[in-house]
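# Summary of structural features
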Amino acid sequence: MLTGKTALIVGGDARYIELMKQLLLYDASVYAIGFDDAEDELTGVISITEQQVDHTTIDFVVLPISGVDEEGFVDTHFRRPSIQLSDEWFTSFSDDCTVFTGIMTPYLNQLSESSIAITALMNRDDLAIYNSIPTAEGAIMLGIQHTDVTLHDANVVVLGYGRVGKTIAKSFQGLGSRVSVYARSDADLARIYETHATPITYDQLLNAASTAHLMINTIPKLVVTPEVIQKLPTSCFILDLASKPGGVDFRFAKKRGIETMLAPSLPGLVAPKTAGKMLAHVIQMIIQDHE
Ligand code: NAP
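Below: a short report on this structure. All figures in this text were calculated on a predicted structure; none of them were measured in a lab.

## Considering the nonpolar core
- Core analysis: the biggest nonpolar cluster contains 31 residues, and I9, L19, L23, F35 and F60 have the highest contact counts within it.
- Listed by contribution, the elements that provide at least two residues to this core are β1 (6-10), α1 (15-25), β2 (29-33), β4 (60-62) and α11 (272-290).
- Broken down by element, this core gets its largest block of residues, seven residues, from α11.
- If we skip the residues at most four places from it in the chain, I9 touches Y16, L19, M20, L23, V30, Y31, A32, I33, F35 and V62.

## Side note on the pattern of salt bridges
- Here the structure, examined in full by the defined rule, presents six salt bridges.
- Residues R15 and D13 are paired through a salt bridge, measuring 3.0 Å at the closest nitrogen-oxygen approach.
- You can call D13 buried: its relative accessible area is 7%.
- When the shortest N-O distance is used, the salt bridge between D153 and R178 registers 3.8 Å. Residue D153 is found in the loop between α4 (125-146) and β9 (155-159), and its partner R178 is found in strand β10 (residues 178-182); the two are separated by 25 residues along the sequence.
- The exposure class assigned to D153 is partly exposed, which follows from its relative accessible area of 42%.
- Note on R178: relative accessible area 46%, which makes it partly exposed.

## Quick notes on unusual backbone geometry
- At the junction of R80 and P81, the peptide bond is cis and its omega measures out at -5 degrees in the coordinates.
- With respect to the secondary-structure elements, P81 resides in the loop between β5 (73-74) and β6 (83-84).
- Positive phi values are uncommon outside glycine, yet D153 reaches one of about 75 degrees.
- Phi is positive for H196, which is not a glycine, with a value near 70 degrees.
- Along the chain, H196 falls in the loop between α6 (186-194) and β11 (198-200).
- The exposure class assigned to H196 is exposed, which follows from its relative accessible area of 74%.

## Some details on the packing of α4 against helix α5 (residues 163-174)
- The N-to-C vectors of α4 and α5 enclose an angle of 40 degrees; their axes lie 8 Å apart at closest approach. Relative to α5, α4 is oriented oblique. Crossing handedness for the pair α4 and α5: right-handed. When α4 is examined against α5, the residues D125, A128, I129, S132, I133, T135, A136, A139 and I140 are found in contact with a partner set consisting of R163, V164, T167, I168, S171 and F172.

Definitions and limits used
- Residues numbered from 1 in each chain as written.
- Predicted model: local features only at pLDDT ≥ 70, side-chain atom pairs only at ≥ 80, totals over all residues.
- Heavy atoms only, no water.
- Core = buried A, V, L, I, M, F, W, Y, C linked by side-chain atoms within 4.5 Å.
- Buried < 20%, exposed > 50% of the residue type's maximum accessible area, 1.4 Å probe, protein only.
- Helix = DSSP H or I, 4+ residues; strand = E, 2+ residues; numbered from the N terminus.
- Contact = heavy atoms within 4.5 Å.
- Salt bridge = Lys/Arg side-chain N within 4 Å of Asp/Glu carboxyl O.
- Axes fitted to C-alpha atoms, helices over the stretch in contact; angles between N-to-C directions.
- Parallel < 35°, antiparallel > 145°, perpendicular 65-115°, else oblique.
- Left-handed = near helix turned anticlockwise from the far one by under 90°.

Structural data, given as structure tokens:
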């Protein structure tokens, strides 16, 4: 339980609505900034502005999964314009206040080096693995919508075999796709083989690309290079799940007439309720462990 704790939620998407409902169920007091258009759904949550925060009363702050950008802006799906925070705003919280974000960004890295402790929720394997489930469901939805073949028997090339890549590969295999996975470690390639997917090295990626119906990138580095894109059939759909700016050379793909999509925050889109519950569960576990 979070009895006696005060949470401040700053921006976020639909999964944060469920997160707030769950925090209320855990008996926390909940303040929210950036949910003006969702107030009807948030009985019990106190809606405030960034200027109205009483920093001394807040036990934990939850920033959006995407964190804070280089100019201090946070994503708000339920308020325009979005919120811009300053270093001073962050440093006004007490030393005991915990700040949660989904992922670290250069702005947050700098802030944590200079002053405050920040917990990146997606650095936790448990949450990242739970989160990979709605992400894979979203990838299936987009794969169906943006290809003109069935996923059954389709050639699906997955790049990366981390928490998201593993769930994606398994989910598409379950639908009967012919799944090839690019990974750079020998252990991952062996595991991919063990799961009856086709393991591919970077050199083999070029070959696999030539027959791909769907290419799904999970690597947050430029890996879908012009060299790879050159090999793809123009009918292939490239779905980039990696965090911004993604791992695809979008300019070159456009030049070749290949459809691409950078699709962040799929859990918030396809399963906000499940994803919000998972977030609340992990946040309350972390707060209780700190006690
Ligand atoms: P992860 O577990 O860290 O996996 C990342 C994978 O990328 C690993 O297989 C890693 O290989 C590989 N990789 C990293 N740099 C590489 C490089 N230069 N060359 C080749 N491979 C490289 O991360 P994750 O949890 O799977 O998340 C993957 C991405 O998806 C992240 O950007 C995350 O923010 C994003 N994400 C998006 C959504 C969405 O809705 N779109 C949802 C969840 C996560 P090694 O193990 O060899 O380093």
